[in-house]
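# A look at the structure
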Amino acid sequence: MTRDLTHFIGGEHVKGSSGRFSDVYNPATGEVEARCPLAGAEEVRAAVENARDAQPAWAATNPQRRARVLMKFVQLLQRDMDRLAEALSREHGKTLPDARGDVQRGLEVAEFCIGAPHLLKGEYTDGAGPGIDLFSLRQPLGVAAGITPFNFPAMIPMWKFCPALACGNAFILKPSERDPSVPLMLAELMLEAGAPPGILNVVNGDKAAVDAILDDEDIAAVGFVGSTPIAHYVYSRGCAAGKRVQCFGGAKNHMIVMPDADLDQAVDALVGAGYGAAGERCMAVSVAVPVGEETADRLVEKLAPRVESLKIGPYTAGEDVDFGPLITDAAYRRVRGLVDQGVSEGAELVVDGRDFRLQGYENGNFIGGCLFDRVRTDMEIYKEEIFGPVLSTMRASSYEEALKITMDNEYGNGTAIFTRDGDTARNFLNRVNVGMVGVNVPIPVPLAYHTFGGWKKSVFGDLNQHGPDAFRFYTRTKTVTARWPSGVKEGADFSIPTME
Ligand code: NAD
């Protein structure tokens, strides 16, 4: 019998009351694992009211004590790592080591947020004028919300709620309805760690819940991560409602391979970054851009056998599986359809994983690794974010052409260059219009104490995720000018005070 999942509101599991549910699958078997309740406006409102009522006392708790809750949360994540990873793999399909990485990358943001008391210190000018002190405070926004995608069901929720809570906000998390179990477990752990009920709420749902969040007057800020069309929609509607909004969207990440690169290293990098997590990563490398025909020939020759021998399987098959199934049957059909289209548009399918079948898992969403060569910018497989285990090779005749291909792409999340030449690398990282750049590093996801964010259509709004930017996003500045009697002048002043 399938389980009915819940929401988590006011520190308790709450059954869905809208009467709408969506199925949550095990992507390896195609079986329905659970039903996810899809909240309507009333359920969102109940969560917001809980959050709004709990927030002032949490904001008044001294930042060191709030940080201690995060410290305890980190310990609980470590204690429950295997349980979380198993639940994550079961609903998402990624391998267990990759699921542990998903939890760990979120944990590292929680760890960074333990430093909140330091990051929340304001600025102070002693003696800004006669008897005048000037200082700024960083105050929480109140209730913030996060809307997150299916592909990192542990990490991205934590990127959102850890800094929000550390800053003294209450939080409404609307995770992906495709793998909602881990976000619910995270909320339980945060309660166990000592966050008061109502400070972290999980409302499951789809567009109806998102719209209710965007329209709710008590929600001051919304952070979103997902595909670009929805990111744009959330940004536009949230901004129109007067909220602070930051939305992170899709990607098409290029990796340039220069003729002087260590090709074996580049091949290792492309195989891991192109096919890890079945390519369902916003920082996956989906386009390899070798410079020069000879580099391209050698690269494709080395890549092909590696792609053919990738080990694909369910997370239960052991730790040496390279990647698992796609999230849903719809995702499988979409990726397969794009590969078909690439072939019909004239790209050369060097490795064809379309007919991959796994005995005993015939209903799973498995597709084998696919490798295209001679992809052009006018092809659909280039224009679309495929979000599957499909790597396209685009041959460039020069460094300038490779750079232009990367820069002309509408997305700007991540990119990388593989070269031994410092000058070329330096030129690339200075000129490229992409938010996260790797030099001989294929997936340059910054660590928790730096910030994460793309450029171009990979982002709407300013400020990045985690790192110091998160503390700016989840607080607002109040600046105080104070004058005490010794500095008070007599008489009214009718012109604007200046320092002249
Ligand atoms: P998605 O856009 O389908 O869903 C993201 C969230 O939006 C989910 O919570 C979903 O319930 C909600 N949503 C879906 N349709 C909606 C609608 N019509 N109106 C309102 N809300 C809606 O994305 P996904 O498939 O879950 O995730 C994959 C995408 O996320 C990829 O494009 C990937 O590149 C992107 N992503 C980006 C980053 C980043 O930091 N830039 C990180 C991870 C994933």
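Notes on the structure in this doc start here.

Residues other than glycine seldom take positive phi values, yet A277 does so here, at roughly 55°. In this fold, A277 is placed in the loop between α10 (263-275) and β14 (285-290). Look at A277 and you get buried, because its relative accessible area is 8%. Even without a glycine there, the phi angle at F387 is positive, about 55°. Along the chain, F387 falls in the loop between α13 (380-383) and β17 (390-393).

With that settled, the discussion passes to the site of the ligand. In the vicinity of the ligand there are 29 residues, among which T148, K174, E177, S227 and E385 approach most closely. Residue T148 places a main-chain N or O atom 2.8 Å away from an oxygen atom belonging to the ligand. About the coverage of the ligand: the protein hides 89% of its 840 Å² of free accessible area. Here the shell around the ligand is built from residues that sort into 14 nonpolar, 10 polar and five charged.

Along the chain, the position of V343 falls in helix α12 (residues 329-344). A sequence separation of 325 residues divides V343 from S18, and the C-alpha atoms of the two residues are 44 Å apart. V343 has contacts with L349, R354 and F372, leaving out every residue within four places of it along the chain.

This next bit is on the sheet that holds strand β7 (residues 132-140). Judged by pairing direction, the sheet is antiparallel, and its three strands sit side by side in the order β6-β7-β23 without closing on themselves. The open sheet has two edge strands, β6 (123-129) and β23 (475-483), and neither has a second partner. Each strand axis lies, on average, 20° off the axis of its neighbour in the sheet, ignoring direction. Strand direction decides the pairing type here: β7 and β23, joined by nine bridges, are antiparallel. Pairing of P140 across the sheet is with T475, part of β23.

Note that T95 resides in the loop between α3 (81-92) and α4 (96-113). Judged by relative accessible area, T95 falls into the buried class, the value being 8%.

It is the contact of helix α2 (residues 63-79) with helix α6 (residues 155-166), at a shortest axis distance of 9 Å, that shows an interaxial angle of 150°. Between α2 and α6, the angle is such that the two are roughly antiparallel. Each of R66, L70, F73 and L77 in α2 lies in contact with α6, whose residues at this interface are M158, F161, C162, L165 and A166. Looking at the contact of α2 with α6 residue by residue, the class counts come to eight nonpolar, no polar and one charged.

It is worth spelling out the pairing of strand β9 (residues 170-174) at this point. Burial of β9 is extensive: five of the five residues sit out of reach of the surface. With respect to chirality, the unit in which strand β8 (residues 143-147) leads through α6 into the neighbouring parallel β9 is right-handed. Handedness of the crossover joining β9 and strand β10 (residues 200-202) through helix α7 (residues 181-193) is recorded here as right-handed.

This paragraph deals with the packing of α4 against α6. Look at α4 against α6: their axes get within 8 Å of each other, and the N-to-C directions meet at 10°. Looking at the two axes, α4 sits roughly parallel to α6. The two elements α4 and α6 meet at a crossing, and its hand is right-handed. Side by side, α4 and α6 meet where D102, V103, R105, G106, L107, V109, A110 and C113 of the first sit next to M155, M158, W159, C162, P163 and A166 of the second.

Below, the discussion takes up the pattern of salt bridges. Applying the stated criterion to the full structure yields 39 salt bridges. The salt bridge involving D216 is made with R45; its shortest N-O contact spans 2.8 Å. Note that D216 is positioned in the loop between α8 (207-215) and β11 (219-225) and R45 in helix α1 (residues 41-60), a separation of 171 residues in sequence. What makes D216 buried here is its relative accessible area of 8%. Judged by its relative accessible area of 26%, R45 is partly exposed. A salt bridge links E319 to R100; its shortest N-O distance comes to 2.8 Å. Taken together, the residues span a long stretch of sequence, with E319 in the loop between α11 (293-308) and α12 and R100 in helix α4 at a distance of 219 residues. Given the relative accessible area of 52%, E319 is considered exposed. The network of salt bridges with common partners includes R45, E49, R52, D53, D216 and D218.

Analysis parameters
Residues numbered from 1 in each chain as written. Predicted model: local features only at pLDDT ≥ 70, side-chain atom pairs only at ≥ 80, totals over all residues. Heavy atoms only, no water. Helix = DSSP H or I, 4+ residues; strand = E, 2+ residues; numbered from the N terminus. Buried < 20%, exposed > 50% of the residue type's maximum accessible area, 1.4 Å probe, protein only. Near = heavy atom within 4 Å. Polar contact = N/O pair within 3.5 Å; in protein donor to acceptor, adjacent residues only side chain to side chain. Areas by Shrake-Rupley, 256 points an atom, 1.4 Å probe, with all protein chains shown as cover. Nonpolar A, V, L, I, M, F, W, Y, C, P; charged D, E, K, R; others polar. Contact = heavy atoms within 4.5 Å. Pairing = 2+ DSSP bridges. Axes fitted to C-alpha atoms, helices over the stretch in contact; angles between N-to-C directions. Parallel < 35°, antiparallel > 145°, perpendicular 65-115°, else oblique. Right-handed = clockwise from strand over helix to strand, strands pointing away. Left-handed = near helix turned anticlockwise from the far one by under 90°. Salt bridge = Lys/Arg side-chain N within 4 Å of Asp/Glu carboxyl O.

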